[in-house]
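Here's the letter readout for the chains.
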Amino acid sequence: MQASYYPSEVEEQVQAYWEKHLSFQVTERLDKEKFYCLSMLPYPSGHLHMGHVRNYTIGDVMSRYERMRGRNVMQPMGWDAFGLPAENAAIQREVPPAKWTYQNIEHMKHQLKRMGFGFDWSRELTTCKPEYYRWEQWFFTKLVEKGLAYRRNAIVNWDPVDQTVLANEQVIDGKGWRSGAIVEKREIPQWFIRITSYADELLDELDSLEGWPDSVKTMQRNWIGRSEGLEIEFKIDKECQAPLRVFTTRPDTIYGATFMAVSIDHPLTQSVASQNPDVSDFVSSCRRGAVSEVEFEAMEKRGMSLDVNAINPLSGEKIPVWVANFVLTGYGTGAIMAVPAHDTRDHEFALRYRLPIRQVISPLTDEEVDVQIQPWVAKENTVTVNSGDFSGLSYHMAFEKIATFAEQHGIGERKINYRLRDWGVSRQRYWGCPIPIIHCSVCGPVPIPEDHLPVLLPEDVTFMGVQSPLRELDDWLNVNCPKCGKSSVRETDTFDTFVESSWYYARYCTPNAPSMLDDRADYWLPVDHYIGGIEHAVLHLLYFRFWHKLMRDIGLVSSDEPTTKLLCQGMVLAKAYYRDNDESGRIWIRPEEVDFHTHEGTTDKVPVWKVDGQVVDETGWTTMSKSKNNGVDPHDLIDRYGADTVRLFTMFASPPDQSLEWNDDAVAGSHRFLRRLWAIVYRHEDISTVKLENFSTVDQTTRTLRRDVHTILQRIHRGMERQQYNTVVAGCMEMMNSLDRFDIGDSMERKVALTEGIDILIRVLSPITPHICHVLWQALGKNEELLDSPWPVVDPLALIRDKIQLVVQINGKRRTQIDVTPGLEDQEIRAVVLSDPTVSQYIGDATVKKVVVVPDRLVNLVI
RNA sequence: GCCGGAGUGGCGAAACUGGUAGACGCGCCAGACUCAAAAUCUGGUGGUGGCAACACCGUGUCGGUUCGAGUCCGACCUCCGGCACCA
């Protein structure tokens, strides 16, 4: 064994050992409990960033720990290889997206290997390869057959200059990011998958997902947004107009409706607009503007009277109908009844356009309510007022009575609405999985039969970034209709990349299967622990759950949910640097290219670009992302300190579910710890192989060491189980401090106790820093494979104490502490405490009114 | 705007079920070793007052519950994530 720790040597050697022994290749085994540990697959952007390192280190620590606990662990890895950045790179660097992607994968795979992650590379998958995407094409044709996929028109961002569809991310302040042209909305036919048919199951099953964080479940619940309400008809006082149907969750407020509002696409609006140029101008002015919900919510709430009246179905009152830009076309019926007294948005609108506000709900308490000033939206402890026959009722009673009334009179019905919308999967892009459809002028859209699949995406193309090159490839585009044989054209849209990431976890279980999945899937599924960024809490994780149910209903898997446990790691944040430029917009500068200059006479540090020495702008803490160019490359850190240090530091810096503000100055401390660990093993390399069965007769110092080691082990174990790896590392550091301070002298029993401590320390640390532990383990002459050595067990006898420190509080303030033997009865503790001289001083002449005893911990005297 | 989180020393953080706030580490200060420096090792380190024992204050802000609150409840402030075509 060498006297000093050389990480690169150690790591190369150990990685070669794992490679040679195929240490992480697994197959289905019935003699062991399986553990499927899944980390979210990366987009191959070109470089591993700290978010990946954090994600995969968490997964690797968990996997290695579970393996030591005796499980058959599978930990796969792959590439989410389709997507927009490859197209952008293609335009910038004139490289075909495929070539760029495959190069990136090669580089990143090398980086992952250098980190020492225990992936089973024989299961690697790449989503842009036909052997992967062919199965999702096949699956999609099944969905079309089952009526779960359908085509309808939907709105996209249209860049009139570049003649292309833009992603929301590519629209900045309403303008195209490259052309700068004002973005238009355009309606085009697109494919949708009926996630709304599964809304109830997706919602209800959240309750049984005990291993999921509550925050994620709450977000999904709110996203699905199930609401029970009443759909009710308001007649229009013009003969020719169909009645307005509105959905409301507050039937108890119907008497307070003082106007109606309809969306700009509502038939009533269109009918009025055709005769009224003001309305039609208003509608077209609303058509520009937001596609995304953020912009939609942020925009000014505007409206215009349609000069039409509706008749309140309960009171018979005539109320005006308005068209308003905040009424959603896609939610409910595209029309609402507005009750400004009891709804915040309606209230705002009513004030703005001076529409009447009428209170129809009162509090049961003596709370003061003035709805002219503020809306009052409570549902509990309320009573209806000014509501004719329906006055004097609670929310629930009013709901029931009014709903029943509406149903009996044929003017309405109880209904359930969802905020969730069907999943639009069409993308007007080249670098994605081709949607397996042929458009025939006779048969319409025809799914491609199984024996004609896959539809290959041509990889050798010149991509100019203006339009999808698929439209230009005549050989690819023109085909005969599979049904009638007439010449037809292929669908040129590709799938949303969320489709690939919705089922990759299942395919990992069945590498090389000549079908989408096979029996092996049911051995491994569901995933036991899924680890990924919190930013995926809703979209990806909902589609992922949804797709699993689709696969179940086609008979490919038998479980209901894809994963039993979920860990959402916090974001890794870094500062980002940029400069705004009139011509090219905002350019982002890599942190490595930024220096900090101190101005004379101040301590303020100003970021400057190394290239030109000029000042750049700085963001606050923000996510590391490709677009902001602020990813920290772990490569340099590995070169400097080794992968073990990087792994140790990322685990130590903060708990997995919290965000981590990256600061590489602090890494050195973790490295120092590994050097000390190396040194202590080097000092005791000739360590004893004797095992003591019975430690009960050893000296006090040895007993103290063993108590420390086993108490800390207990905490480390708890940290592992809770995935609080930062406290695991802290525990390892403490344990080493204890071992380091322990002087063995010539004592055999002390030597044995130290041996035990070092053995435990190396084992518990090995999931986090596996390379150094592997080498130290061998240096100690262990024959057993460290990867499969059992996780150490706490010796309960070592934990026994003969004295404990009892804290004494007086009126809740800590005053002193007393040593007592553990396990005393309350009465005994009381006596000891009250007879203590320090305590008596504090009490003085006062009478003790109350004594609170927390056994073996604390006593509080109330005087 | 809506939904979900977070806020504790100079910094990253810990604190089990409401029971000694600040474990562990970074940084800093002092000392040892050295011709010197680096590295390493030892000790100290929340704030204020005090020679000291010690006292008071202290977990984003304000208020509440409790013998006792970082932890529970209410209101607010700031920051982060998501908002359906970034992944």
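Preceding this paragraph is the structure being described.
Residues numbered from 1 in each chain as written. Chains lettered and ligands numbered in written order. Predicted model: local features only at pLDDT ≥ 70, side-chain atom pairs only at ≥ 80, totals over all residues. Heavy atoms only, no water.

## With respect to the overall build of chain A
Let me state the cut-off plainly: Per the convention used, a helix needs a DSSP run of H or I reaching at least four residues, while a strand needs a run of E reaching at least two, with both numbered from the N terminus. We call two residues contacting when some pair of their heavy atoms lies within 4.5 Å. Computed with the Shrake-Rupley method and a 1.4 Å probe, the accessible areas treat only the protein chains shown as cover for residues. Counted as positive: Lys and Arg. Counted as negative: Asp and Glu, with His and the chain ends omitted from the count. Working definition for charges: the position is that of NZ of Lys, CZ of Arg, CG of Asp or CD of Glu.
Within chain A, the regular secondary structure consists of 25 helices and 39 strands. A principal-axis box enclosing the C-alpha atoms of chain A has dimensions of 105 × 85 × 70 Å. Partitioning the contacts of chain A with sequence separation of at least 6, the portion at a separation of at least 24 is 70%. With the model as given, the accessible surface of chain A reaches about 40200 Å², and the carbon-plus-sulfur share is 48%. Of the charged side chains in chain A, 95 are positive and 122 negative; the average position of the first set lies 2 Å away from that of the second.

## Brief notes about the protein's contact with RNA strand B
Defined as follows: Each residue is tested against the molecule or strand, and it is near if at least one of its non-hydrogen atoms lies within 4 Å. Nitrogen and oxygen atoms within 3.5 Å of one another constitute a polar contact, given that in protein one can donate a hydrogen and the other can accept it, and given that sequence-neighbouring residues count only through two side-chain atoms. For this classification, Asp, Glu, Lys and Arg are treated as charged, while Ala, Val, Leu, Ile, Met, Phe, Trp, Tyr, Cys and Pro are nonpolar and the rest, including Gly, are polar.
By nearness alone, 68 residues border RNA strand B, and Asn168, Glu293, Arg429, Ala653 and Asn860 come closest of all. Between RNA strand B and the protein, one listed contact pairs a base oxygen with a side-chain N or O atom of Arg429 at 2.2 Å. Arg814 has a polar side-chain atom sitting 3.1 Å from a base oxygen of RNA strand B. Of the residues forming the surface near RNA strand B, the biggest block, six residues, is contributed by helix H21 (residues 725-741). Grouping the constituent residues of the surface near RNA strand B by class yields 25 nonpolar, 23 polar and 20 charged.

## Topic: the packing of aromatic side chains
To be explicit about the condition: Two aromatic rings, drawn from Phe, Tyr or Trp (for Trp, its six-membered ring), form a pair once their centres lie within 6.5 Å of each other, and the interplanar angle then sorts them: stacked below 30 degrees, edge-to-face above 60, tilted otherwise. Think of it in three bands: residues with accessible area under 20% of the maximum for their type are buried, residues over 50% are exposed, and the middle band is partly exposed, with areas taken using a 1.4 Å probe on protein chains only. Placement of a positive charge over a ring is assigned whenever Lys NZ or Arg CZ falls within 6 Å of the ring centre and within 35 degrees of the normal to the ring plane.
Taken as a whole and judged by the stated rule, the model has 34 aromatic pairs. Look at Tyr504 and Tyr505: their rings are 6.5 Å apart centre to centre, the planes differ by 85°, and that puts the pair in the edge-to-face class. Tyr505 sits in the buried class, given a relative accessible area of 0%. Three or more aromatic residues joined by ring pairs make a cluster, and in this case those are Trp138, Phe139, Tyr198, Trp423, Phe498, Tyr543, Phe546 and Trp547. The ring of Trp158 has Arg186 sitting right over it, with the charged end atom 4.1 Å from the ring centre.

## Considerations on the sheet that holds strand E24 (residues 487-490)
To keep it simple, the criterion reads: Strands were regarded as paired on the criterion that DSSP finds at least two bridges between them. Each axis is a line fitted through C-alpha atoms, taken for helices only over the stretch in contact, and angles between the N-to-C directions span 0 to 180 degrees.
With antiparallel pairing, the four strands of this open sheet are ordered in space as E22-E21-E24-E23. Each having just a single partner strand, strand E22 (444-447) and strand E23 (478-480) make up the two edges of the open sheet. Each adjacent strand pair in this sheet contributes to an overall mean axis angle of 40°, direction not counted. Sheet topology note: the strand E21 (residues 437-440)/E22 ladder contains four bridges and is antiparallel.

## A short note on the sheet that holds strand E26 (residues 529-533)
Reading across the sheet, the four strands line up as E2-E1-E26-E27 and stay open at both edges, with parallel pairing between neighbours. Looking at strand neighbours, the two that pair on one side only are strand E2 (72-74) and strand E27 (566-569), the edges of this open sheet. Each strand of the sheet is rotated relative to its neighbour by a mean of 15°, with strand direction disregarded. Contacting strand E1 (34-39), E2, E26 and E27, helix H2 (residues 50-68) runs over the sheet at an angle of about 175° to E1.

## Brief notes about the side chain of Thr650
One can find Thr650 in helix H18 (residues 643-653). We classify Thr650 as buried; its relative accessible area is 2%. A distance of 3.0 Å separates a polar side-chain atom of Thr650 from the backbone oxygen of Arg647. Those residues in contact with Thr650 that sit more than four places away from it in its chain are Met50, Val53, Thr57, Leu660 and Trp662.

## So, the pattern of salt bridges
Just so we agree on the cut-off: We define a salt bridge as a contact between a side-chain nitrogen of Lys or Arg and a carboxyl oxygen of Asp or Glu at a distance within 4 Å.
What the rule picks out here adds up to 47 salt bridges. Note that Glu205 is salt-bridged to Lys549, the shortest N-O span being 2.2 Å. Taken together, the residues span a long stretch of sequence, with Glu205 in the loop between helix H6 (199-204) and helix H7 (214-224) and Lys549 in helix H16 (residues 539-553) at a distance of 344 residues. Taking the relative accessible area as the measure of exposure, Glu205 reaches 14% and is therefore buried.

## Some points on the pairing of strand E36 (residues 804-810)
In summary, the side chains of a regular strand alternate between the two faces of the sheet. Of all seven residues making up E36, six are buried, and the element is well covered by its neighbours. Pairing of E36 with strand E37 (residues 813-820), which is carried by seven bridges, proceeds in the antiparallel orientation. Along E37, the bridge assignment pairs Val807 with Gln817. Hairpin geometry of E36 and E37 is characterised by an intervening segment of two residues between the two adjacent antiparallel strands and by a positive phi of about 55° at Asn811. Pairing analysis gives four bridges linking E36 to strand E39 (residues 858-862), with the strands arranged parallel. Residue pairing across strands places Ile810 opposite Leu861, the latter belonging to E39.

## With respect to the packing of helix H19 (residues 667-683) against helix H23 (residues 770-779)
Selection criterion: Roughly parallel refers to an angle under 35 degrees, roughly antiparallel to one over 145, roughly perpendicular to one between 65 and 115, and oblique to any angle outside these ranges.
Packing of H19 against H23 leaves a shortest axis separation of 11 Å and a crossing angle of 5°. By the angle between their axes, H19 is roughly parallel relative to H23. Residues Leu674, Leu677, Trp678 and Val681 of H19 touch H23, and the partners they reach there are Ile772, Val775 and Leu776. Residue composition of the contact of H19 with H23, by class: seven nonpolar, no polar and no charged.

## Here's the deal with the environment of Val853
Tracing the backbone through its elements, the reader meets Val853 in strand E38 (residues 850-854). In this structure Val853 comes out as buried when scored by relative accessible area, which is 16%. For the pair Val853 and Asp826, spaced 27 residues apart in the sequence, the C-alpha separation amounts to 6.5 Å.

## Re the nonpolar core
Threshold: Within this scheme, the nonpolar core is defined by two criteria: the residues are buried Ala, Val, Leu, Ile, Met, Phe, Trp, Tyr or Cys, and they are joined through side-chain atoms within 4.5 Å.
Core analysis: the largest hydrophobic core is formed by 113 residues, its most contacted members being Tyr36, Met516, Trp547, Met551 and Trp662. For Trp662, the contacting residues outside a window of four places in its chain are Met50, Val572, Leu573, Trp621, Met624, Val632, Leu637, Phe649, Thr650 and Val667. By size, the runner-up hydrophobic cluster in this structure holds 57 residues, among which are Phe24, Leu648, Val775 and Trp791.

## Digging into helix H11 (residues 344-352)
Under the convention used in this document: Directions from the helix axis toward the C-beta atoms define the arc.
For H11, the set of buried residues is Asp346, His347, Phe349 and Ala350. Looking straight down H11, one finds that the buried residues subtend no more than 165° of arc, so they occupy a single side. In this structure, the buried side of H11 is in contact with strand E12 (259-262), strand E13 (303-311), strand E14 (318-324) and strand E15 (335-338). The opening residue of H11, the one whose side-chain oxygen lies 3.0 Å from the backbone nitrogen of Arg345, is Asp343. Downstream of H11 by a residue or two, Arg354 has a phi angle that is positive, lying close to 50°.

## As for helix H9 (residues 277-287)
Within H9, the full set of buried residues consists of Val279, Phe282, Val283 and Cys286. Down the axis of H9, the smallest arc covering the buried residues is 100°, so these residues share one side. Tucked inside the fold, the buried residues of H9 contact strand E9 (184-193), helix H8 (267-273), E13 and E14. Near the N-terminus of H9, the side chain that reaches the backbone nitrogen of Asp278, with its oxygen 2.9 Å away, is that of Asn276.

## Looking at the environment of Ser215
Tracing the backbone shows Ser215 in helix H7. Judged by its relative accessible area of 40%, Ser215 is partly exposed. Expressed as a C-alpha distance, the spacing of Ser215 and Cys568, which sit 353 residues apart in the sequence, is 9.8 Å.

## Observations concerning a negative patch on the surface
Convention followed: Patch construction takes residues with relative accessible area above 30% that form no salt bridge. Like charges are linked within 9 Å, and nonpolar side chains (Val, Leu, Ile, Met, Phe, Trp, Tyr) are linked within 5 Å.
A surface patch of negative charge is lined by Asp366, Glu367, Glu368 and Asp370. Inspection of the secondary structure puts Glu368 in the loop between strand E16 (361-363) and strand E17 (382-384).

## Concerning unusual backbone geometry
The residue after Leu453, namely Pro454, is reached through a cis peptide bond having omega 0°. Structurally, Pro454 is set in the loop between E22 and helix H13 (474-477). With omega at -5°, the peptide bond leading from Leu525 into Pro526 counts as cis. Mapped onto the fold, Pro526 is located in the loop between helix H15 (520-524) and E26. Even without a glycine there, the phi angle at Leu22 is positive, about 45°. Looking at where Leu22 falls in the secondary structure, it is placed in the loop between helix H1 (7-20) and E1.

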